[in-house]
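# Descriptive structure summary
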Amino acid sequence: MVPLHYYLILAAILFIIGMIGVLVRRNFLTVLMSIELMLNAVNINFVAFAHYMDSINGRIYVFFIMTVAAAEAAIGLAILISTYRNTGTTFVDEISSLKG
Amino acid sequence: MLNLLFFYFAAVIVISALFVIIKRNAFHSAVALLVTLIHIAGIFVLLNAEFLAAVQILVYAGAILVMIIFVLMFLNVTQRYRMFNRQKFIAFLMGIILIGEVLYVITRSAIKGPKGDFTIAKILSEGNTQAIGRILYTDYLFPFEVASLILLVAMIGAIVLAKKEI
């Protein structure tokens, strides 16, 4: 049986990879994919704790997180299409009209 | 055997997640993301959450990834561009510092807590999907309704945002 710490370390590494992806990439689509990576790291943590603590609440919360992730992906991609139509770019550092 | 499977899944998850953030072509990133999500479903199976593994493949690898690739085909993203932001060095540095801190805390902490009453034997005797469904429709009925409202808001919002003129 693998100890709980191994799952936590895996989730932490996955979360930090996603965070670096959000911070460094310029392409909006890759930023969205990195956010999905971070959400999946959280899911691994929830399921691992639910398994090792003999609880079922963690599994239910993963279900809700998947719902919110689906909604977030739909809204994010709609915003991406809308900004691409208005500005003609998909790079996050070129969408800076609010900066003045 | 289970240890070997865990290390296989973990290695593939980390390597393909790295490919997601270092590939220049966004389509390659999407395929690497698909590999990551399917192996996370394998991790769920190792943790006795078979229903969540099926939902993971259906929702993430099925719906979300198809939506991302669909939008990717709409947009004409050029291949020759600067990949990273200007803050890339400080972001990598912060990431390395943060992962060091988190690994230090995780490896030095003993995780204790009161155990619940859903042991593996009980879940297996009742059935994984049945156990989740029973709790979802009794204790978590109100959050379930709120989740359906979130999906409705997301649907209307996506239509309103992506439509050319309303």
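Residues numbered from 1 in each chain as written. Chains lettered and ligands numbered in written order. Predicted model: local features only at pLDDT ≥ 70, side-chain atom pairs only at ≥ 80, totals over all residues. Heavy atoms only, no water.

Here we come to the overall build of chain B. Helix and strand counts for chain B come out as 7 helices and 0 strands. Across chain B, helices and strands are ordered from the amino to the carboxyl terminus as α-α-α-α-α-α-α. At 21 Å, chain B has a C-alpha radius of gyration far larger than the 15 Å of a compact globule built from 166 residues. Oriented by its inertia axes, the alpha-carbon framework of chain B measures out at about 55 × 50 × 25 Å. Within the span of chain B, comprising 166 residues, buried residues form 35% of the whole. Taking contacts inside chain B between residues at least 6 apart in sequence as the whole, the part at least 24 apart equals 56%. Approximately 10,200 Å² of chain B is accessible, and the part contributed by carbon and sulfur atoms is 73%. (Helix = DSSP H or I, 4+ residues; strand = E, 2+ residues; numbered from the N terminus. Rg over C-alpha atoms; globule rule 2.2 N^0.38 Å. Buried < 20%, exposed > 50% of the residue type's maximum accessible area, 1.4 Å probe, protein only. Contact = heavy atoms within 4.5 Å. Areas by Shrake-Rupley, 256 points an atom, 1.4 Å probe, with all protein chains shown as cover.)

Turning to the interface of chain A and chain B, a few remarks are in order. Contacts between chain A and chain B engage 69 residues on the former and 85 residues on the latter. Buried area between chain A and chain B, both sides added, is near 7,000 Å², and the carbon and sulfur share of it is 78%. When the buried surface of chain A facing chain B is broken down by residue, Arg25, Met33 and Asp54 of chain A rank first, second and third, together holding 9% of it. At the junction of chain A and chain B, the tally comes to 0 salt bridges. At the junction of chain A and chain B, the tally comes to 12 residue pairs in polar contact (both at pLDDT 80 or more). Broken down by secondary-structure element, the contributors of at least two residues to the side of chain A that touches chain B are helix H1 (4–24), helix H2 (28–52) and helix H3 (57–87) of chain A. No other element matches the 24 residues that H3 of chain A contributes to the side of chain A that touches chain B. Taken together, the residues of the side of chain A that touches chain B sort by class into 49 nonpolar, 13 polar and 7 charged. (Buried area = accessible area lost by both parts, 1.4 Å probe. Salt bridge = Lys/Arg side-chain N within 4 Å of Asp/Glu carboxyl O. Polar contact = N/O pair within 3.5 Å; in protein donor to acceptor, adjacent residues only side chain to side chain. Nonpolar A, V, L, I, M, F, W, Y, C, P; charged D, E, K, R; others polar.)

Residues and elements named next belong to chain A. Counted under the stated rule, the structure contains 3 salt bridges over all chains. Here Asp93 ties to Arg26 by a salt bridge, and the two come within 3.0 Å at their closest N and O atoms. One end of the pair, Asp93, is in the segment after H3; the other, Arg26, is in the loop between H1 and H2, and 67 residues separate them in sequence. Under the relative-accessibility criterion, Asp93 is labelled partly exposed at 30%. Residue Arg26 is joined to Glu94 by a salt bridge in which the shortest nitrogen-to-oxygen separation is 3.2 Å. Within this pair, whereas Arg26 is found in the loop between H1 and H2, its partner Glu94 is found in the segment after H3, the two being separated by 68 residues in sequence. We classify Glu94 as partly exposed; its relative accessible area is 44%. A cluster of three or more residues bridged by salt bridges with shared partners is formed by Arg26, Asp93 and Glu94.

Residues and elements named next belong to chain B. When the domains of chain B are assigned, the result is domain 1 (1–107) and domain 2 (119–166). Between domain 1 and domain 2, the C-alpha centre-to-centre distance is 23 Å. Carbon and sulfur atoms make up 62% of the surface buried where domain 1 meets domain 2, a total of about 410 Å² over both sides. Looking at the side of domain 1 facing domain 2, the largest losses of area belong to Asn48, Glu50 and Phe51, adding up to 90% of the total buried there. Connecting domain 1 to domain 2 are 0 salt bridges. Put simply, domain 1 and domain 2 have 2 residue pairs in polar contact (both at pLDDT 80 or more) between them. (Domains from an automatic or database assignment.)

Relative to each other, H3 of chain A and helix H7 (residues 141–162) of chain B sit at 10 degrees, their axes nearing to 9 Å. Taken together, H3 of chain A and H7 of chain B sit at an angle that is classed as roughly parallel. Here H3 of chain A contributes Phe63, Phe64, Thr67, Val68, Ala71, Ala74, Ile75, Ala78, Ile79, Ser82 and Arg85 of chain A to the contact with H7 of chain B, which in turn contributes Pro143, Phe144, Ala147, Ile150, Leu151, Ala154, Gly157, Ala158, Leu161 and Ala162 of chain B. Per-class residue counts for the contact of H3 of chain A with H7 of chain B are 17 nonpolar, 3 polar and 1 charged. (Axes fitted to C-alpha atoms, helices over the stretch in contact; angles between N-to-C directions. Parallel < 35°, antiparallel > 145°, perpendicular 65-115°, else oblique.)

Bringing the packing of H3 of chain A against helix H6 (residues 128–138) of chain B into the picture now. Axis separation between H3 of chain A and H6 of chain B bottoms out at 10 Å; the angle between their running directions is 75 degrees. The pairing of H3 of chain A with H6 of chain B is recorded here as roughly perpendicular in orientation. Taking contact as the criterion, the partners of Arg59, Ile60, Phe63 and Phe64 of chain A in H3 of chain A are, on H6 of chain B, Ile132, Ile135 and Leu136 of chain B. The residue makeup of the contact of H3 of chain A with H6 of chain B, split by class, is 6 nonpolar, no polar and 1 charged.

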